[in-house]
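Per-entry structural report
Listed below are the residues making up each chain.
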Amino acid sequence: MKRALAIMVGAALILLLATLTLVVMPYLQMSAEQVPPDLKPYTEKQQRGRQLYIANGCVYCHSQQPRDPGFAPGDRDRGWGRPSVPGDYANDQPHLLGTMRTGPDLFNVGARLPSIDWQLLHLYNPRVVHKDSIMPSYPFLFRHVDEAAEGDKVVYLPDAYAPESGQIVATEDALALAEYMLALDHTYPAPTLPKADKPKE
Amino acid sequence: MTPTIAILLIITFVLSTVGLLLLIWSIANNQFSHGQAAARTIFSPGEEGHSEDPALADKPAFTGDTTAQASAIKARWTADQSSRTAVLTWLSSAVFWLLLGSFFGLITSLKMHLPEFLVSSEFLTFGRVRPVHLNAVTYGWASMAGIGAALFLIPRLFKTSLAGGKYAVLGAVVWNIGLIFGLIAITLGYSDGEEWLEFPWQIDILFVFGGALCAIPLLLTAANRQVEHLYVTSWYLMAALVWFPILFLIANLPFTFPGASGATVNWWFAHNVLGLWVTPIGIGIAYYMIPKILGRPIISYQLSLIGFWSLALFYSQVGIHHLIGGPIPTWLVTLSIVHSVMMSIPVITVAINHHGTMMGNFKRLKDSPTLRFVWIGALMYTVSSLQGSMEALRSVNVVTHFTHYTVAHAHLGMYAFLSFILFGAVYFIMPRLTNWEWPWRRMISLHFWLVSIGILIYVVSLTITGWKQGVALLDAAMPFMDIVRMTIPGLQARTLGGILMTAGHLVFAAHFVAMLMHRGASNEQPTLFRPTTKETAQ
Amino acid sequence: MNEHDQRAQFREAPEPEEGTRATPKFVLAWIAILIVWGVGYYAWQIGKPMLGGDSRTPVAAEHQNSKPVEAASSDNAETSESADTSGAKEEEPSTSEPENSNTAASEDAGASSTASAEMAGVDGKALFSAHCSSCHQATGQGIPGAFPPLAGSKWLQADPNIPIAIVHDGLQGEIEVAGNTFQGMMPPLGGQLSDAEIAAVLTYARSEWGNTASEVSPDTVAKHKERFGDRGSWSAEELTEVFGEH
């Protein structure tokens, strides 16, 4: 049993070392790193939208972490914004950094696509906007009504996608998710991005 | 902060490499010869070097004449009987989750090129079926089959009956309940939001209990063991059973790691599920099955030592290669990249052991299902790990990150490596527990070809597509929608691969049930790919 | 013992064991090579930034808060288009035309006040692609029912003050364009686009897809801002009221 115990204890200690380097130290460093002063907390509606983003698994196709143009030039050139810093995510619990770009990076989608009409239309059926899009439709986030009531947010559709009668109206969930999209705007400066001492030649 | 981080970096690197060098030095100085001598006593006199070959006509493998052989057989049988109920419970559950996970995988794959498929229901939206697939195959199929194999192998390795097997059965029940609740939760939209950690943390508690209930019998069995030498498989299994609870507990703690540091914990966990949970189980099984089928020893004890400890030292710190280029400190990313490349050390040593032992015996692949599945799995371990070491380099990762290439790599590892080994293990274990032989040779063959061709199509199509996707993402000259269009054929090919794999699983599951129910003709011979009338080691 | 029941265990090879082959030299050599490589890779990383994220390229400090069009220095355009944004006026290049020449050119032009000099190098088409095409589409056709077309739009081709007002301050409510009615909300872009940029993108749209309206100059945009200051979005009626029938 002694040798078996030695293996198990040795294995545990090695993992604890890895935990120190991969969990504890980064946590200490990143929580001490300055949060950009212009980062705004999420409103309640935006936070609710964020929960819907999580519930519907948007993270499995979309990232929220543009890379440095010196490393991966495409990210900035596509208009996805400056590279993100740890402080940008101070209000994000859980993080939604994402690991797939089946769809575009969304870190600055609120700056890039600030129209709530666009967000709702695209959410209802992405193919209305991009006919070859492979993003799913989210009809269950909308209601089909005979006539929109006062205060309802109607989603206007081309004939090919509109219902035969009645109108499509956004639910509170759809509006919250769209608000979260608009909140994704990190174009403010990030003081912790490294600075050169003098301009590049 | 700068000096501290730099020093820590140097310390961890030095620790890992010094640890490794110490191990090598102590091997060189025969510190482990004691272990080797003990190893040699396992072979009963006269049994060494027995290579079992169906072509050797009249020589039966073992007649049970000598008392040493008789006691060896009895020890095996006793071990198998003691673990029977527990193992069958875990394996049967695993096969069910394999089916469910495969179907959800297929639905997910179809949705990627048929986006309007099953789109009206929120319960079947892509973002929910995809994590159902991942969690069902990881915590359902892979983990449960792995635990089942461990429960079978540990009594064998320690030549001791499994103590407290009923706890393990209860553990399976609790684990299954956790899976049901967890997968329903994801379907209803309740997710903890991080990849590989989607189950709500309240439900995770069930997995902690279920797993702990298995740990008790295994630790008790280890305490009761009758052998002095620990065979390499047992190191891997014991370590895996220590590592997984630590990982699972820390990563699932709610409200503890917000923001970007949550991402480092996320990927410390997720990659260690691969490296410190399923990989050791897979390698450990291969270390048992290959020499067992061949009747030859693994070629090098020294290499198995180096392979195990270097895996522990290096694999544990590779996780941050999932965040290259991200909002994570550069020193941490570099640390993971270096450790990812260092992983080639354990991979090569394990490869020499596994494949070196196979040298001169490749013709056995024609008849033994266990060997064929397990060895191909071991080969795919070598391939996918070396690929992974390269993928971690920044210059490669800048292309492959965020693309389907990563998905292909993940399936090369989890499926072509791990699942193939688990298939092989099931083909070995079941006859010993059900006192029956696999009813139909053709079903094993069909299973093999369906899943092999399926995963081949899957990995090749997505690897190529993903690479092209990554190259295109780096150059904004190609509009994003053009990139999407370009990936469609690869995604369709992946669905084809997935259909074949799922069909293979249906065949496997049907055969598994038939085995449980003692269907088919009663047989004294093992069911091999080639019909044979001679008794063989299988 | 019951041979039949223990048939499977019976036919097995003995329990596995490990052999005595020594570690091949090349394995030790490979370990040594990797240790050297590892040390080298770490060493190469010394001096890389501690903060900000992985592989972040240091950028010149003075470009952090300057607005692209007003920067007087003639420094390298790439650094000004770099990681640090300059707040709300960050230029986001299009996906189809990745050149970032607009900022460089406008900086080279210095503080010249002539309209053409300011607009020189400001790429209207790229701006359209980045800011307008998602709704109005690259074809200018819009999305029927949802977003109005710009091709053939009288609102766009009218007195420049009308489209300037729409783009700068936003538009809300019902509007009829080319015989179809649209309801919706166009968000204001005045906070994101400079005078020269609004002028450039409108100039582009007013002469694209068969449109035949005059250029728009940054001065006109500036005058709009002087006249109306910070205001909310317009309605179709208000536009007609203030600027007259088009």
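None of these values were measured; they are calculated from a predicted model. (Residues numbered from 1 in each chain as written. Chains lettered and ligands numbered in written order. Predicted model: local features only at pLDDT ≥ 70, side-chain atom pairs only at ≥ 80, totals over all residues.)

Before going further, it helps to examine the overall build of chain A. On a plain count of helices and strands, chain A comes out with seven helices and four strands. Ordering the α and β elements of chain A from the N terminus gives α-α-α-α-α-α-β-β-β-α-β. Against the 2.2 N^0.38 benchmark of 17 Å for 201 residues, chain A shows a C-alpha radius of gyration of 22 Å, more extended than a compact globule. With the C-alpha coordinates aligned to their principal axes, the bounding extent of chain A is approximately 75 × 60 × 35 Å. Counting over 201 residues, chain A shows a buried share of 51%. Residue pairs at least 24 apart in sequence account for 73% of intrachain contacts in chain A once pairs closer than 6 positions are excluded. (Helix = DSSP H or I, 4+ residues; strand = E, 2+ residues; numbered from the N terminus. Rg over C-alpha atoms; globule rule 2.2 N^0.38 Å. Buried ≥ 20, exposed ≤ 12 C-beta atoms within 10 Å, placed from the backbone. Contact = placed C-beta atoms within 7 Å.)

Assigned secondary structure in chain B consists of 16 helices and zero strands. Among the 538 residues that make up chain B, the fraction classed as buried is 60%. Relative to all contacts within chain B whose residues are 6 or more apart in sequence, the contacts with residues 24 or more apart total 86%.

Right, let's get into the nonpolar core. Ranked by size, the top nonpolar core spans 248 residues in total, and within it B:Ala149, B:Leu151, B:Ala240, B:Met289, B:Ile290, B:Val374 and B:Ile421 carry the most contacts. Per element, the largest residue contribution to this core is 22 residues, and it comes from helix 8 (residues 259–294) of chain B. In this structure, B:Leu151 is in contact with B:Ser83, B:Ala86, B:Val87, B:Trp90, B:Leu162 and B:Ala168, ignoring residues within four places of it in sequence. Counting six residues, the second largest nonpolar core, distinct from the first, contains B:Ala72, B:Ala75, B:Ala79 and C:Ala8. (Core = buried A, V, L, I, M, F, W, Y, C linked by C-beta atoms within 7 Å.)

Okay, the interface of chain B and chain A next. In this complex, chain B contributes 73 residues to the contact, which on the side of chain A involves 61 residues. Broken down by element, the side of chain B that touches chain A gets its largest block of residues, nine residues, from helix 8 of chain B. Residue composition of the side of chain B that touches chain A, grouped by class: 42 nonpolar, 21 polar and 10 charged. (Nonpolar A, V, L, I, M, F, W, Y, C, P; charged D, E, K, R; others polar.)

The subject of this paragraph is the domain arrangement of chain A. Taken domain by domain, chain A comprises domain 1 (1–32) and domain 2 (44–183). Between the C-alpha centres of domain 1 of chain A and domain 2 of chain A there is a distance of 39 Å. (Domains from an automatic or database assignment.)

Our focus in this paragraph is the environment of B:Tyr288. Tracing the sequence through the fold places B:Tyr288 in helix 8. Given 27 C-beta atoms within 10 Å, B:Tyr288 falls into the buried group. Not counting residues within four places of it along the chain, the set of residues in contact with B:Tyr288 comprises B:Leu153, B:Thr233 and C:Pro16.

So, on to the packing of helix 4 (residues 126–158) of chain B against helix 8 of chain B. Residues and elements named next belong to chain B. Where helix 4 meets helix 8, the closest approach of the two axes is 11 Å, and the angle between their N-to-C directions is 45°. By the angle between their axes, helix 4 is oblique relative to helix 8. Judged by the sense of rotation from one axis to the other, the crossing of helix 4 with helix 8 is left-handed. Counting all contacts with helix 4, which are made through Thr-138, Ala-142, Gly-146, Ala-149, Ala-150 and Leu-153, the residues of helix 8 involved are Val-273, Val-278, Ile-281, Ile-285 and Tyr-288. The residue inventory of the contact of helix 4 with helix 8, partitioned by class, reads nine nonpolar, two polar and no charged. (Axes fitted to C-alpha atoms, helices over the stretch in contact; angles between N-to-C directions. Parallel < 35°, antiparallel > 145°, perpendicular 65-115°, else oblique. Left-handed = near helix turned anticlockwise from the far one by under 90°.)

So, on to the domain arrangement of chain B. All names here are of chain B. For chain B, the domain assignment lists domain 1 (68–229) and domain 2 (283–531). One C-alpha centre belongs to domain 1, the other to domain 2, and the line joining them spans 18 Å. Counting from both sides, the interface comprises 22 residues of domain 1 and, opposite them, 23 residues of domain 2. Sort the elements by how many residues they give to the side of domain 1 that touches domain 2 and helix 3 (residues 67–113) lands first, with 16 residues. In terms of residue class, the side of domain 1 that touches domain 2 is built from 15 nonpolar, five polar and two charged.

Residues and elements named next belong to chain A. Pairing is antiparallel in the open sheet, where three strands are placed in the order 1-3-2. The open sheet has two free edges, formed respectively by strand 1 (142–145) and strand 2 (154–155), since each of these has just one partner strand. When strand 2 meets strand 3 (residues 167–170), the two strands line up antiparallel, connected through two bridges. From the neighbouring strand, Val-155 faces strand 3, where its bridge partner is Ile-168. (Pairing = 2+ DSSP bridges.)

This paragraph deals with the pairing of strand 2 (residues 171–177) of chain C. Consecutive residues of a regular strand have side chains that alternate between opposite faces of the sheet. All names here are of chain C. Note: strand 2 against strand 3 (residues 180–186), seven bridges, orientation antiparallel. Within strand 3, the position partnered with Gln-172 by the bridge is Met-185. Where strand 2 hands over to strand 3, the hairpin turn is made up of two residues, of which Ala-178 adopts a positive phi near 50°.

Residues and elements named next belong to chain B. For the pair helix 7 (residues 232–252) and helix 8, interaxial distance at closest approach is 8 Å and the crossing angle is 160°. Comparing the axis directions of helix 7 and helix 8 gives the class roughly antiparallel. Between helix 7 and helix 8 lies a crossing whose hand is left-handed. Here helix 7 contributes Val-232, Thr-233, Tyr-236, Leu-237, Ala-239, Ala-240, Trp-243, Phe-244, Leu-247 and Ala-251 to the contact with helix 8, which in turn contributes Val-265, Phe-269, Asn-272, Val-273, Leu-276, Trp-277, Pro-280, Ile-281, Ile-283, Gly-284, Tyr-287 and Tyr-288. Within the contact of helix 7 with helix 8, the residues separate by chemical class into 19 nonpolar, three polar and no charged.

Let's shift gears to helix 7 (residues 172–183) of chain A. All names here are of chain A. An ideal rise of 1.5 Å per residue puts 16 Å on 12 residues; helix 7 measures up with 16 Å between its terminal C-alpha atoms. The complete set of buried residues in helix 7 reads Ala-174, Ala-176, Leu-177, Ala-178, Glu-179, Tyr-180, Met-181 and Ala-183. Check the buried side of helix 7 and you find it contacts helix 2 (44–55), helix 4 (109–112), helix 5 (116–124), strand 1 and strand 3. (Expected span 1.5 Å × (residues − 1).)

Looking now at the confidence of the model for chain A. In the predicted model, chain A carries a mean pLDDT of 92, and 97% of its residues have values of at least 70. The spread of mean pLDDT over the elements of chain A runs between strand 4 (residues 195–196) of chain A, the lowest at 82, and helix 7 of chain A, the highest at 98. (pLDDT = per-residue confidence, 0-100.)

Before going further, it helps to spend a moment on the confidence of the model for chain B. All names here are of chain B. With 89% of its residues at a pLDDT of at least 70, chain B reaches an overall mean of 89. Mean pLDDT per element in chain B: helix 2 (residues 33–40) is the minimum at 48, and helix 15 (residues 441–473) is the maximum at 98. For residues 34–64, every residue scores under 50 in pLDDT, and the model assigns this stretch 52 contacts once sequence neighbours within four places are set aside. Here the predicted complex scores 0.89 on pTM and 0.94 on ipTM.

For B:Pro155, the location among the structural elements is in helix 4. Residues in contact with B:Pro155, not counting those within four places in the same chain, are B:Ala79, B:Ser82, B:Ser83, B:Thr160, B:Ser161, B:Leu162 and B:Thr221.

The linkage connecting A:Gln93 with the following residue, A:Pro94, adopts the cis geometry, with an omega of -5°. Within the secondary structure, A:Pro94 sits in the loop between helix 3 (73–77) and helix 4. We note that B:Trp196 has phi near 75°; this positive angle belongs to a residue other than glycine. Checked against the element boundaries, B:Trp196 lands in the loop between helix 5 (165–188) and helix 6 (201–223). Residue C:Ser55 is not a glycine yet carries a positive backbone phi of 55°. On the secondary structure map, C:Ser55 appears in the loop between helix 2 (25–45) and strand 1 (59–60). Residue C:Ser55 is classed as buried on the basis of its C-beta count, with 23 C-beta atoms lying within 10 Å.

This paragraph deals with the environment of B:Met343. Residues and elements named next belong to chain B. Here Met-343 lies in the loop between helix 10 (330–342) and helix 11 (344–358). Taking the C-beta count within 10 Å as the criterion, Met-343 has 24 such neighbours and is therefore assigned buried. Residues within four places of Met-343 in sequence aside, it is in contact with Phe-314, Tyr-315, Val-318, Ser-385 and Ser-389.

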